[in-house]
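The residues making up each chain are set out below.
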Amino acid sequence: MAEMTRRRGKVGYLLMIPAAVWLALFFVIPFYSLVATSLYDQAGSDFRGWEMTYAFGNYVDALQDYWQPLVRAIVYAAVATLICLVLGYVLAYAIAFKSGRWKTLLLVLVIAPFFTSFLLRTLSWQLILADDGWIVSIFQFLQILGDDGRLLATPFAVITGLAYNFLPFMVLPLFASIDKIDPRLIEASTDLYANPVAGFFKVTWPLSLPGVVSGTLLTFIPAAGDYINAQLLGSTNTRVIGGVIDGQFTDANNSAIAAALSMVLMIIIVAMVFFYVRRAGTEELL
Amino acid sequence: MSQQAEATAPTATDGSYDGLRLSQLTKQFVGFTAVQDLDLDVPRGSFFALLGPSGCGKTTTLRMVAGLEDPTSGTITLAGQDITKTKPYRRPVNTVFQNYALFPHLDIYENVAFGLRRRKSGEVEKQVDEMLALVELEPQRRKKPAQLSGGQQQRVALARALINKPEVLLLDEPLGALDLKLRRSMQIEIKRIQTEVGLTFVHVTHDQEEAMTMADTVAVMNKGIIEQLGAPTELYENPRSTFVANFLGQSNLIEGTITNRAADLATVDMHGIAVSIPMDRTHTDGDAGWVGIRPEKVLIGEEGAELDAPGNTIPGGVISDVSFVGVSTLYLVRMPWGQELAVFAQNTGRTRIFRVGEKVELSWRPEYAFLLDQAQDAHAGAQESDA
Amino acid sequence: MRWLREHLVLILGLLVLAYTFVPIGVVVLMSFNDPETRNIYRFDGFTLHNWTNFCEAPGMCDSLWLSIRIALLATLVATILGTLAAFALVRHDFAGRSSSNLLIFLPMAAPEIVLGSSLLTLFVQGGFAGQLGFWTIFIAHVMFCLSFVVVTVRSRLAGMNDTLEQAAADLYATPTQTFMRVTFPLVLPGILGAALLSFSLSFDDFIITNLNSGSETTFPMFVWGASRVGVPMQVNVVGTLMFAVSVVIVVAVELNSRRRMKALAVR
């Protein structure tokens, strides 16, 4: 297929402008107001007005008080992402190579459950992991849990919920990458004395890396900010940063701290992404 | 805007050319020039072929005539009217695209009717039925393009363009995707349709056999310029450049120097042997040239034997390779000066087939030889076998 | 044994797929639940009550209606703006094209809590703290749906061969006619897919909506609030319906394309 010739001129601008303006107004500019809010004098409020002090101390306060939920959020998200990677890779691989003419149908089936409400799906896990439910009973039987052990209100439940809810974000980019791999390459590797395990690690895995990178990023980033799973499946001991931020905005009316925490979360994510992508060596994420 | 008015070609009263005329047409891209000062006259009603290897500028030229590409400079005139700046949807020119470009969401009927509907032509149904009958696709009228075979799609593309009775029909390598047998039958088919319909066809191709079979006039293009233009026989029998000599069929090119020019015959010293070449078949100003002779024109015989008719005789050859192809035998003969010459001998049964290592004599009639400028590359235009 | 080895990956993959449907099964199951007490989320007995008395729970249907209205409006706006932008990014060249590409990508890569917080601070700083509600939710939804629409339409558009439009021009179609008769019909499936995606993203959003909703309650917010005191089973009816609709659409699309494939086999 020949390269598409792009048209130069004003029409391109005009077409792009409405969307660009919307995003500039409601995505870019809000970051400035987020920064500004995070630097407000904490003693202010929506009523009394805020005094703009360059209160970098807000960040110190915020971190001092809430570093635990922050770390927890990152750890939970990381573990969940790893689980998603394993489950998602199996699923993506199966669909890409082993499904023949059912490929499209299977792909759509992967996404179909996720057209149901996120909250309802998470509530379902409350039922599945309930104290008198099957899973807990089996775990107790297998001595994984003590006789009065629970799954709900533990990090296990939160991570399970996260891993479930963000699975499609992992599967789809993985699939896109794996699907592009020419199966004849794997055949060639077996011809050259590689057993299936070696073939996987030496051929399939490296070639699927771009998908692994996008998948892990698209899973980790939203998972780090999520608090629905933590609060529906967890307890006060599993509070995560997302819930703190929401709480500070709505209940405690402490916008400055909330904004500061938001900024911190974002900065950490950006930094992690930056080093991760550098390390993985793939520039093409899109 | 009355497109109908533009579409009817006025035979211009000011005596200007009533066919397609390209004048000094140039197309420059960033970094290279695709078409360089092209001058071309395509007579009305003729079947014209633009022949050349990929990258020679023939498709770019075609697209400029269609209006899909803007020339950097130069003019395009059709029946006396300058259409250089006219938009493609206002030109009375239609194209059969290389990959057919059939609209996948419309059925065959609507594809063919597309141009008529845009021009708000009357009697659409009648015209479409006639055209579908012409290309023998009547039963498929309600099918979608994806449901047809390659050959059928090709005929739809042809019908879709033809139905608009354009001044010029452009065909951009339309047979490239078809297998050999289908290609041959489509070549005959398209030629038949052109003769029946009487429109001007401009056919772009890299296949020299295709161009020679179908066209009345062939223009050989190379690197943006026209090397030679003429009837297929003229181009083949009397090429004016090494490119044309090698691109159309095969040629043996042997070093030689002109020793004498008479009124109608030139004498050339070819590695010590004197050969004659008619003056109207010498295409070099200087004295250093390539003596050209086509392999099928070279007669091969045993050393010392009297050959068919006196002509240029070259002794001292040794057979270095024999390939029996059924219809003919291809010999490679190593000459005393080291060059291997190719000889096609038709297996008429009158002469025996020689063996490798045998000593032979070659000869040819002077009126078949031609002389080209030695400054030109002897391998220009030679078809490389591509993977 | 050999059969097992050969099909191991496929079996594992299907197991993972089945696993994704388990919570949905729970949702469907719970829609028929007759709860003994409000607080404990557990299957106690079978009833059709939830289906027949759909709007029994106070506030649920109102929140549902609000979510639908916002989703419809946000989908409309996001699809239009996003489609225009997709055309610009694929078909045109202009200074700032690569920055625009980046701008489109970024919202997809940010956590919802950050998107929601920053938008909230904008509204507060702009003096709209008292006017949080329908329109602020709408604005937020268009904002995060835009990227998904652009990406979806863009991939459909990029896959289109532009020779078709050249052919249309060659056959006397003006640029407008070419767009209406060739380009648009071929992009339409991508646009519809993007609209569908946008609708479900908007309908289901909680985190961003929660921060910017003021006193309004969307369906996800209703479920969240109810989860603390006991969720009415009718929400599971909604969940089941959502799932059923998406299954129907999926199956319909698949059947349609299979029918077209069958037609192709007929020569």
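The rules behind the values
- Residues numbered from 1 in each chain as written.
- Chains lettered and ligands numbered in written order.
- Predicted model: local features only at pLDDT ≥ 70, side-chain atom pairs only at ≥ 80, totals over all residues.
- Helix = DSSP H or I, 4+ residues; strand = E, 2+ residues; numbered from the N terminus.
- Buried ≥ 20, exposed ≤ 12 C-beta atoms within 10 Å, placed from the backbone.
- Contact = placed C-beta atoms within 7 Å.
- Rg over C-alpha atoms; globule rule 2.2 N^0.38 Å.
- Pairing = 2+ DSSP bridges.
- Axes fitted to C-alpha atoms, helices over the stretch in contact; angles between N-to-C directions.
- Expected span 1.5 Å × (residues − 1).
- Nonpolar A, V, L, I, M, F, W, Y, C, P; charged D, E, K, R; others polar.
- Core = buried A, V, L, I, M, F, W, Y, C linked by C-beta atoms within 7 Å.
- pLDDT = per-residue confidence, 0-100.
- Domains from an automatic or database assignment.
- Arc of directions from axis to C-beta.
- Parallel < 35°, antiparallel > 145°, perpendicular 65-115°, else oblique.
- Left-handed = near helix turned anticlockwise from the far one by under 90°.

## Topic: the overall build of chain B
Link 1 in the chain: For chain B, the helix and strand inventory stands at nine helices and 21 strands.
Link 2 in the chain: Here chain B holds 387 residues, and the buried ones make up 41% of them.
Link 3 in the chain: Look at the contacts in chain B between residues 6 or more apart in sequence, and 65% of them connect residues 24 or more apart.

## A few points about the overall build of chain C
Link 1 in the chain: Counting secondary structure elements, chain C contains twelve helices and zero strands.
Link 2 in the chain: Against the compact-globule benchmark of 18 Å for 267 residues, chain C has a radius of gyration of 23 Å, which places it well outside the compact range.
Link 3 in the chain: Viewed in the frame of its principal axes, chain C has a C-alpha envelope of about 70 × 65 × 35 Å.
Link 4 in the chain: Within chain C, the fraction of its 267 residues that count as buried is 44%.
Link 5 in the chain: Once local pairs closer than 6 in sequence are excluded, the contacts in chain C between residues at least 24 apart make up 76%.

## Points about the sheet that holds strand 10 (residues 225-230) of chain B
Residue and element names in this part refer to chain B.
Link 1 in the chain: The sheet built from six strands is open, its strands ordered 6-7-8-3-9-10 with mixed pairing. A single partner strand is all that each edge strand has here, and the edge strands are strand 6 (93-96) and strand 10. Ignoring which end each strand starts from, the neighbouring axes of this sheet average 20 degrees apart.
Link 2 in the chain: Running at roughly 145 degrees to strand 7 (residues 168-172), helix 2 (residues 58-66) makes contact with strand 3 (47-51), strand 6, strand 7, strand 8 (200-205) and strand 9 (217-222) of the sheet.

## Some words on helix 6 (residues 112-125) of chain C
All names here are of chain C.
Link 1 in the chain: Taking 1.5 Å as the rise per residue, helix 6 with 14 residues should run 20 Å; its terminal C-alpha atoms sit 20 Å apart, in good agreement.
Link 2 in the chain: With twelve of 14 residues buried, helix 6 is to be regarded as a mostly interior element.
Link 3 in the chain: Of all the positions in helix 6, only Glu112, Ile113, Val114, Leu115, Gly116, Ser117, Ser118, Leu119, Leu120, Thr121, Leu122 and Phe123 are classed as buried.

## Regarding the interface of chain A and chain C
Link 1 in the chain: Between chain A and chain C, the contact holds 73 residues from the first and 69 residues from the second.
Link 2 in the chain: Counting only elements with at least two residues in the side of chain A that touches chain C, the list comes to helix 1 (10-38), helix 2 (57-98), helix 3 (103-111), helix 4 (118-128), helix 9 (196-225), helix 10 (228-233), helix 11 (241-250) and helix 12 (255-280) of chain A.
Link 3 in the chain: Examining the composition of the side of chain A that touches chain C, we find that 19 residues originate from one element, helix 1 of chain A, more than from any other.
Link 4 in the chain: Looking at the side of chain A that touches chain C residue by residue, the classes come out as 54 nonpolar, twelve polar and seven charged.

## Topic: the sheet that holds strand 16 (residues 299-302) of chain B
All names here are of chain B.
Link 1 in the chain: Ordered in space as 16-20-17-18-19, the five strands form an open sheet in which the pairing is antiparallel. The outermost strands of the open sheet, each flanked by one partner alone, are strand 16 and strand 19 (340-346). In this sheet, adjacent strand axes meet at a mean angle of 45 degrees when their direction is disregarded.
Link 2 in the chain: Pairing analysis gives five bridges linking strand 17 (residues 312-324) to strand 20 (residues 359-364), with the strands arranged antiparallel. Bridge pairing in strand 20 links Asn312 to Trp364.

## Considerations on the nonpolar core
Link 1 in the chain: In terms of nonpolar packing, the biggest core is built from 144 residues, with Ala92(A), Leu261(A), Ala85(C) and Leu146(C) touching the most fellow members.
Link 2 in the chain: Looking at which element gives the most residues to this core, the answer is helix 2 of chain A, with 17 residues.
Link 3 in the chain: Excluding residues within four positions of it along the chain, Ala85(C) makes contact with Leu15(A), Met16(A), Ala19(A), Ile104(C) and Val150(C).
Link 4 in the chain: Counting residues in hydrophobic clusters, the runner-up holds 103 residues, among them Val135(B), Leu148(B), Met214(B) and Ala173(C).

## Quick look at the interface of chain C and chain B
Link 1 in the chain: The partner chain B presents 19 residues to the 16 residues of chain C that form the contact.
Link 2 in the chain: At the level of elements, helix 8 (163-170), helix 9 (175-204) and helix 12 (234-265) of chain C are the ones that each hand at least two residues to the side of chain C that touches chain B.
Link 3 in the chain: Top contributing element to the side of chain C that touches chain B by residue count: helix 8 of chain C, with six residues.
Link 4 in the chain: Residues belonging to the side of chain C that touches chain B are distributed by class as follows: eleven nonpolar, four polar and one charged.

## Describing unusual backbone geometry
Link 1 in the chain: With a phi angle near 65 degrees, Ala153(A) is a residue other than glycine that sits in the positive phi range.
Link 2 in the chain: By secondary structure assignment, the location of Ala153(A) is in the loop between helix 5 (134-141) and helix 6 (155-165).
Link 3 in the chain: By the C-beta count within 10 Å, which is 16 here, Ala153(A) ends up partly exposed.
Link 4 in the chain: Phi is positive for Glu123(B), which is not a glycine, with a value near 55 degrees.
Link 5 in the chain: With respect to the helices, strands and loops of the structure, Glu123(B) is situated in the loop between helix 3 (108-118) and helix 4 (124-134).

## Let's talk about the confidence of the model for chain B
Link 1 in the chain: Overall, the predicted model of chain B reaches an average pLDDT of 88, with 94% of residues at or above 70.
Link 2 in the chain: Scored below 50 in pLDDT, residues 1-14 of chain B makes 16 contacts in the model with residues more than four places away or belonging to other chains.

## Notes on the domain arrangement of chain B
Link 1 in the chain: As far as domains go, chain B holds domain 1 (3-92 + 166-237) and domain 2 (250-373).
Link 2 in the chain: Computed over C-alpha atoms, the centres of domain 1 of chain B and domain 2 of chain B are 36 Å apart.

## Section: the packing of helix 4 (residues 60-91) of chain C against helix 11 (residues 219-229) of chain C
A pair of packed helices can be characterised by two numbers: the angle between their axes and the separation between those axes.
Link 1 in the chain: Interhelical geometry of helix 4 of chain C versus helix 11 of chain C gives an angle of 145 degrees and a closest axis separation of 7 Å. Along the contact surface, helix 4 of chain C presents Met60(C), Ser63(C), Leu64(C) and Ser67(C), while helix 11 of chain C presents Phe219(C), Met221(C) and Phe222(C).

## Some words on helix 5 (residues 97-109) of chain C
Link 1 in the chain: With 13 residues, helix 5 of chain C should cover 18 Å at 1.5 Å per step; its first-to-last C-alpha distance of 19 Å lies within 8% of that length.
Link 2 in the chain: Taken as a whole, helix 5 of chain C has its buried residues at Ser100(C), Leu103(C) and Ile104(C). Looking down the long axis of helix 5 of chain C, one finds its buried residues gathered within 90 degrees of arc, a one-sided arrangement. Residues of helix 5 of chain C that are exposed and point over 90 degrees away from its buried face: Ser98(C), Ser99(C) and Leu102(C).
Link 3 in the chain: Of the surrounding secondary structure, the elements contacted by the buried residues of helix 5 of chain C are helix 1 of chain A together with helix 4 and helix 7 (134-158) of chain C.

## Section: the packing of helix 1 of chain A against helix 7 of chain C
Link 1 in the chain: The interhelical angle for the contact between helix 1 of chain A and helix 7 of chain C, taken along N-to-C directions, is 130 degrees, at an axis separation of 10 Å. When the interaxial angle is binned, helix 1 of chain A and helix 7 of chain C end up oblique. Helix 1 of chain A and helix 7 of chain C meet at a crossing whose hand is left-handed. Contacts between helix 1 of chain A and helix 7 of chain C involve Ala19(A), Trp22(A), Leu23(A), Phe26(A) and Phe27(A) from the first element and Ile139(C), Val142(C), Met143(C), Leu146(C) and Val150(C) from the second.
Link 2 in the chain: Here the residues of the contact of helix 1 of chain A with helix 7 of chain C sort into ten nonpolar, no polar and no charged.

## Section: the pairing of strand 10 of chain B
Residues and elements named next belong to chain B.
Link 1 in the chain: The sheet contact formed by strand 9 and strand 10 spans five bridges and is antiparallel. Note that in strand 10 the partner of Ala219 across the bridge is Leu229.
Link 2 in the chain: Count of turn residues in the strand 9/strand 10 antiparallel hairpin: two residues, of which Lys223 carries a positive phi of about 50 degrees.

## A look at the confidence of the model for chain C
All names here are of chain C.
Link 1 in the chain: Confidence along chain C averages 88 in pLDDT terms, with 97% of residues attaining 70 or more.
Link 2 in the chain: Looking at the elements of chain C, mean pLDDT is at its lowest for helix 1 (residues 2-6), recorded as 75, and at its highest for helix 4, recorded as 94.
Link 3 in the chain: Complex prediction metrics read pTM 0.81 and ipTM 0.86.

## Comments concerning the pairing of strand 19 of chain B
All names here are of chain B.
Link 1 in the chain: Taking every second residue as pointing to the same face, the buried face of strand 19 carries Leu341, Val343 and Ala345, while none of Glu340, Ala342, Phe344 and Gln346 on the other face is buried.
Link 2 in the chain: Here seven bridges tie strand 18 (residues 328-334) to strand 19, and the two strands are oriented antiparallel to one another. Residue pairing in the sheet places Leu332 in a bridge with Ala342 of strand 19.
Link 3 in the chain: Between strand 18 and strand 19, which pair antiparallel and follow one another directly, the connecting turn spans five residues, one of which, Gly338, has a positive phi of 100 degrees.

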